[in-house]
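Spelled out from the first residue to the last, the chains are:
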Amino acid sequence: MRKIPIEGTILAAYRFCFGNIISIIGTMWFPMLVFVAVLGGFAYAIIPHEWLSGHFVAPADPQAFVLSRLPLFALAIPLVMVAGLLVSAMIRVGILRLALEEKPRLTLIWFSLDGRVWRMIGATVLVFVFFIICEIAAGVTFGAANFVLSSLVKAPQVVAVLANVGLVAVAFVAVIYVMARLFFFLPAVIVGEHRLSLERAWALGEGNVLRIIVVLLGVVFPIYILAVIAIYATVIPTVLVQVIRLQPNNASDAMAFLTSLWPLIPVIIGIELVAGVLLSGTVFGAIGAAYKAVTTPADG
């Protein structure tokens, strides 16, 4: 299998993101609006209306307040999770279809429920199942190792600690390897080949794991740093000032603290939206560029 060109893939990711920023936003805004509508509907039903207008008043009976909204909250959690899963899959398919085209078309609105979206949801579920299996396997392995070292071998405590550290390191490397090799190319296989094939994604990642990790760091790390700088420049100073001024230690002070921070919510949302758009464009741009680099004409 061909190798991913690290520098070329990173440059292609940024070129795709900033060269198609209007289409990326056009792909993301309507699905996100649908999700916000679902989330906002439940928030309007659960959160006191005076809180939504910025007037934080502590409930007279907090326990009764929580119990009265518990059934609706229990209904909201799975529905919001399903809506988020569907919307995120739709956005990934929409951006990747642009990244895999030689000349991406201008997209001002995007909404699709075709087979690729459902396959992308299936891939997300597979990632979740993979993590669950890893957690179970790690728990069983660590438990067995500790039992052997403490009960059978009766090794010193330092040996048990070193063994646990070694197992954690091995498990971490193994998970990163499988995630990079299997799940990096899987979205591109779903969109480009219209199939959910773990075998195909695994084959495309052969010999490219370290390159995939370097590429992801190259496209994610700079945007993450810029987002952190933006948060520290706009939000953190105000938070520190309010903490020092109010020093919330009871319910009324806590509500006053929340009230003072309410104007910062649009700033935080704005920073998160910009970072989300840039991360989506660069990450899926990198996946698309890497997929095109490792597939030969014979592969289709």
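Residues numbered from 1 in each chain as written. Predicted model: local features only at pLDDT ≥ 70, side-chain atom pairs only at ≥ 80, totals over all residues. Heavy atoms only, no water.

Remarks on the overall build of the protein
Cut-off, in case you're wondering: Here a strand is any run of E in DSSP of at least two residues, a helix any run of H or I of at least four, and the numbering for each starts at the N terminus. By definition in these notes, contact holds between two residues if any of their heavy atoms fall within 4.5 Å. For every accessible area listed, the method is Shrake-Rupley and the probe measures 1.4 Å; residues are considered covered only by the protein chains on display.
On a plain count of helices and strands, the protein comes out with 12 helices and zero strands. When the helices and strands of the protein are read in sequence order from the N terminus, they spell out α-α-α-α-α-α-α-α-α-α-α-α. Contacts spanning at least 24 positions in sequence make up 79% of the contacts within the protein whose residues lie at least 6 apart. On the protein, roughly 17000 Å² of surface is accessible, and the fraction owed to carbon and sulfur atoms is 75%.

A word on the layout of surface pockets
To find the voids left in a structure, one rolls a probe of water-molecule size over its atoms. The line we're drawing: Definitions used for this entry: grid spacing 1 Å over protein atoms alone; cavity, a set of points where a 1.4 Å probe fits but cannot get out; pocket, an open set with protein on both sides within 12 Å along at least 5 of 7 lines; lining residue, one with an atom within 4 Å of a point. Grid points are joined across faces, edges and corners, and a volume is the space filled by probe spheres set on the points. Amino acid classes used here: Ala, Val, Leu, Ile, Met, Phe, Trp, Tyr, Cys and Pro are nonpolar; Asp, Glu, Lys and Arg are charged; the rest, including Gly, are polar.
The volume enclosed by the largest pocket comes to roughly 670 Å³. In terms of lining, the largest pocket is formed by 29 residues, of which the most central are M32, F35, V36, L39 and V80. Here the lining of the largest pocket takes 10 residues from helix α4 (residues 62-99), the largest share from any one element. Taken together, the residues of the lining of the largest pocket break down into 22 nonpolar, five polar and two charged. By volume, the second largest pocket is sized at about 450 Å³. Around the second largest pocket sit 20 residues that line it, and M179, F183, F184, L216 and I287 are the ones nearest its centre. At the level of elements, α5 (115-152), α6 (157-183), α7 (186-193), α9 (209-234) and α12 (265-294) are the ones that each hand at least two residues to the lining of the second largest pocket. Here the element with the most residues in the lining of the second largest pocket is α5; it accounts for five residues.

As for a nonpolar patch on the surface
Definition in use: Here a patch means residues that are over 30% exposed by relative accessible area and free of salt bridges, tied together within 9 Å if like-charged and within 5 Å if nonpolar (Val, Leu, Ile, Met, Phe, Trp, Tyr). By salt bridge we mean one thing: a side-chain nitrogen of Lys or Arg within 4 Å of a carboxyl oxygen of Asp or Glu. For each residue, the accessible area found with a 1.4 Å probe, counting protein chains only, is set against the maximum for its type, and the residue is called buried under 20%, exposed over 50%, and partly exposed in between.
A surface patch of nonpolar side chains, amounting to about 730 Å² of accessible area, comprises I22, I25, W29, L33, L106, L108 and I109. The topology assignment puts L33 in helix α2 (residues 21-46). Since its relative accessible area comes to 47%, L33 is described here as partly exposed.

Quick look at the packing of α9 against α12
Our working rule: To define axes, lines are fitted to C-alpha atoms, for helices over the stretch in contact only, and angles between the resulting N-to-C directions are given on a 0 to 180 degree scale. Oblique is the label for every angle not falling under 35 degrees (roughly parallel), over 145 degrees (roughly antiparallel), or within 65 to 115 degrees (roughly perpendicular).
Between α9 and α12, the shortest axis-to-axis distance is 10 Å and the interhelical angle comes to 170°. Considered as vectors, α9 and α12 are oriented roughly antiparallel to each other. Residues V215, L216, V219, V220, I223, A227, A230, I231 and T234 of α9 form the contact with α12, whose own contacting residues are V267, I271, A275, L278, L279, T282, V283 and A286. Among the residues making up the contact of α9 with α12, the classes are represented as 15 nonpolar, two polar and no charged.

A word on α6
Note the following rule: Each residue after the first adds 1.5 Å to the expected span of a helix.
For α6, which comprises 27 residues, the first-to-last C-alpha distance of 38 Å matches the rise-based estimate of 39 Å (1.5 Å per residue) to within 8%. Those residues of α6 not exposed but buried are A160, A180, R181, L182 and F183.

Description of the packing of aromatic side chains
Put simply, the rule is: Two rings from Phe, Tyr or Trp (for Trp, the six-membered ring) form a pair when their centres sit within 6.5 Å of each other. Planes less than 30 degrees apart are called stacked, planes more than 60 degrees apart edge-to-face, and all others tilted.
A full pass over the atoms with the stated rule returns seven aromatic pairs. With a centroid separation of 6.0 Å and 80° between ring planes, the pair formed by Y177 and W202 is classed as edge-to-face. Of the two residues, Y177 sits in helix α6 while W202 sits in helix α8 (residues 198-204), which places them 25 residues apart along the sequence. Judged by its relative accessible area of 34%, Y177 falls in the partly exposed class. One aromatic cluster is present, formed by W29, F30 and F111 through successive ring pairs.

Brief notes about the nonpolar core
Rule in force here: Residues belong to one nonpolar core when they are buried, are Ala, Val, Leu, Ile, Met, Phe, Trp, Tyr or Cys, and are joined through side-chain atoms within 4.5 Å.
Core analysis: the biggest nonpolar cluster contains 49 residues, and I4 and F185 have the highest contact counts within it. Other than its neighbours up to four places away in sequence, I4 contacts T9, F184, F185, N208, R211, I212, V215, A290 and V294. By size, the runner-up hydrophobic cluster in this structure holds seven residues, among which are A227, I231, V235 and A275.

Points about the side chain of T9
Tracing the backbone shows T9 in helix α1 (residues 6-19). In this structure, T9 is in contact with I4, V215, A286, A289 and A290, ignoring residues within four places of it in sequence.

Overview of the packing of α6 against α9
Relative to each other, α6 and α9 sit at 85°, their axes nearing to 9 Å. Judged on the interaxial angle alone, α9 and α6 are roughly perpendicular. Contacts from I176, Y177, A180 and R181 in α6 reach V209, I212 and I213 in α9. Considered class by class, the residues forming the contact of α6 with α9 number six nonpolar, no polar and one charged.

Section: the pattern of salt bridges
All chains considered together, the criterion is met by four salt bridges. For R200, the salt bridge goes to E193, with nearest N and O atoms at 2.9 Å. Of the two residues, R200 and E193, both sit in the buried class. Here the salt bridges do not stand alone but share partners, grouping E193, R195 and R200 into one network.

Things to note about unusual backbone geometry
The backbone phi angle of H194 is positive, close to 55°, even though this residue is not glycine. As for its placement among the helices and strands, H194 is situated in the loop between α7 and α8. Residue class for H194 comes out partly exposed when judged on its relative accessible area of 46%.

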